[in-house]
Amino acid sequence: MLFLKIILIGRHILGIEMCEEYTILVIDDDREDLYLANLMLSQHNIEFNTALLTDSERALSYVKQYATKIAAIIVDINMPKISGLEILSIFKDLNIEIPVIVISGSINEEITEACITCGATDVMSKQDLSSKPQLVSRRIASYANGYIKILQQNKIANSITEFQSYLQKMSA
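Residues numbered from 1 in each chain as written. Predicted model: local features only at pLDDT ≥ 70, side-chain atom pairs only at ≥ 80, totals over all residues. Heavy atoms only, no water.

**Student:** How would you explain the overall build of the chain if you had to name every residue and give the values?
**Tutor:** On a plain count of helices and strands, the chain comes out with 7 helices and 5 strands. The secondary structure elements of the chain, listed N-terminal to C-terminal, are α-β-α-β-α-β-α-β-α-β-α-α. Within the chain, the fraction of its 172 residues that count as buried is 40%. The contacts of the chain with a sequence gap of at least 6 include a subset with a gap of at least 24, amounting to 71%. As presented, the chain carries roughly 10100 Å² of accessible surface, and 54% of it is formed by carbon and sulfur atoms. (Helix = DSSP H or I, 4+ residues; strand = E, 2+ residues; numbered from the N terminus. Buried < 20%, exposed > 50% of the residue type's maximum accessible area, 1.4 Å probe, protein only. Contact = heavy atoms within 4.5 Å. Areas by Shrake-Rupley, 256 points an atom, 1.4 Å probe, with all protein chains shown as cover.)

Listed below in structure tokens is the structure:
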């Protein structure tokens with residue numbers, strides 16, 4: 001049993017990933033923009049599941065419930081009930097480290113700075129979703145894959161610690 005765990009650790013170190021286990025969550029109150037984001041992700045980023053939510057309150061519940069399965073979040077800055085900036089602040093308060101990409105129909109320096117200050121990984125224009133879908137998908141996939149690698153490294157570190165603890169108990 002222990003031998004298989006070590007092999008599994010070795011496989012993770014080599015970078016074999018099971019991305020289909022992870023989801024990219026898209027939060028936007030505009031159904032057309034949700035459709036566009038889903039289309040872009042499915043055409044250029046097929047290794048991830050996609051979850052689409054129009055309600056920011058439901059999105060927070062979803063994140064709390066499925067945080068370990070979310071690789072990245074795309075959120076509109078202008079949302080009813082809870083804005084994208086408020087979502088970022090909530091994530092920061094809860095120490096949720098999932099990469100969050102903020103999208104908006106109108107991006108300026110002030111909005112970008114506010115989003116980054118609140119913890120956004122990136123800020124993108126909604127127009128880029130349709131005009132540069134491959135570029136946007138690659139950026140999102142890069143953030144998601146980077147986060148997955150961090151999660152895997154943490155699992156590996158925990159497994160090594162458990163293994164070392166096991167060896168210490170065996171030698172005692």
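Structure shown, so let's carry the discussion forward.
**Student:** Explain helix α3 (residues 56–66) to me, and be specific about the residues and the numbers.
**Tutor:** By the burial criterion, the buried members of α3 are Ser56, Ala59, Leu60 and Val63. The buried side chains of α3 occupy one side of the element, clustering within an arc of 100° when seen end-on. Residues of α3 that are exposed and angled more than 90 degrees away from the buried face: Arg58, Lys64 and Gln65. The inward-facing, buried residues of α3 contact β1 (23–27), β2 (49–53), β3 (70–76) and α4 (84–93). Capping the start of α3, Asp55 holds a side-chain oxygen 2.8 Å from the backbone nitrogen of Glu57, two or three residues further along. (Arc of directions from axis to C-beta. Polar contact = N/O pair within 3.5 Å; in protein donor to acceptor, adjacent residues only side chain to side chain.)

**Student:** So what's going on with the sheet that holds strand β5 (residues 122–125)? Which residues, and what values?
**Tutor:** With respect to topology, 5 strands assemble into an open sheet ordered β2-β1-β3-β4-β5, the strand pairing being parallel. Every other strand in the sheet has two partners, leaving β2 and β5 as the edge strands with one partner each. Between one strand axis and the next, the sheet turns through 20° on average, direction left out of account. Across the sheet, α3 touches β1, β2 and β3, and the angle it forms with β1 is around 160°. Running over the sheet, α4 touches β3 and β4 (100–104) and is turned about 145° from β3. (Pairing = 2+ DSSP bridges. Axes fitted to C-alpha atoms, helices over the stretch in contact; angles between N-to-C directions.)

**Student:** Hey, could you go over the confidence of the model for the chain for me, with residue numbers and the actual values?
**Tutor:** Detailed reading of predicted coordinates is not advised where the pLDDT is low. Per-chain confidence: the chain averages 79 in pLDDT, with 85% of residues scoring 70 or above. Note on residues 1–19: pLDDT is under 50 here. Beyond four places in sequence and across chains, it has 20 contacts. (pLDDT = per-residue confidence, 0-100.)

**Student:** Lay out the packing of aromatic side chains with the relevant residues and their values.
**Tutor:** Applying the stated criterion across every chain, the model contains 1 aromatic pair. Seen in terms of ring centroids, Tyr62 and Tyr66 are 4.8 Å apart; in terms of plane orientation they differ by 45°. Their pairing is tilted. Linking Tyr62 with Tyr66, this pair stays in helix α3, spanning 4 residues, or about one helical turn. A residue is classified by how much of its surface remains accessible, and Tyr66, at 36% relative accessible area, is partly exposed. (Phe/Tyr/Trp six-rings, centres within 6.5 Å; stacked < 30°, edge-to-face > 60°.)

**Student:** Any chance you could break down unusual backbone geometry for me, citing the residues and the numbers?
**Tutor:** Notably, Lys81 is not glycine yet its phi reads approximately 70°, a positive angle. With respect to the helices, strands and loops of the structure, Lys81 is situated in the loop between β3 and α4. With a phi close to 60°, Asn95 is a non-glycine residue in the positive phi region.

**Student:** Tell me about the side chain of Ser125, and name the residues and values.
**Tutor:** On the secondary structure map, Ser125 appears in strand β5. A polar side-chain atom of Ser125 sits 2.2 Å from a polar atom in the side chain of Gln127. The residues contacting Ser125, other than those within four sequence positions of it, are Ser104 and Ile107.

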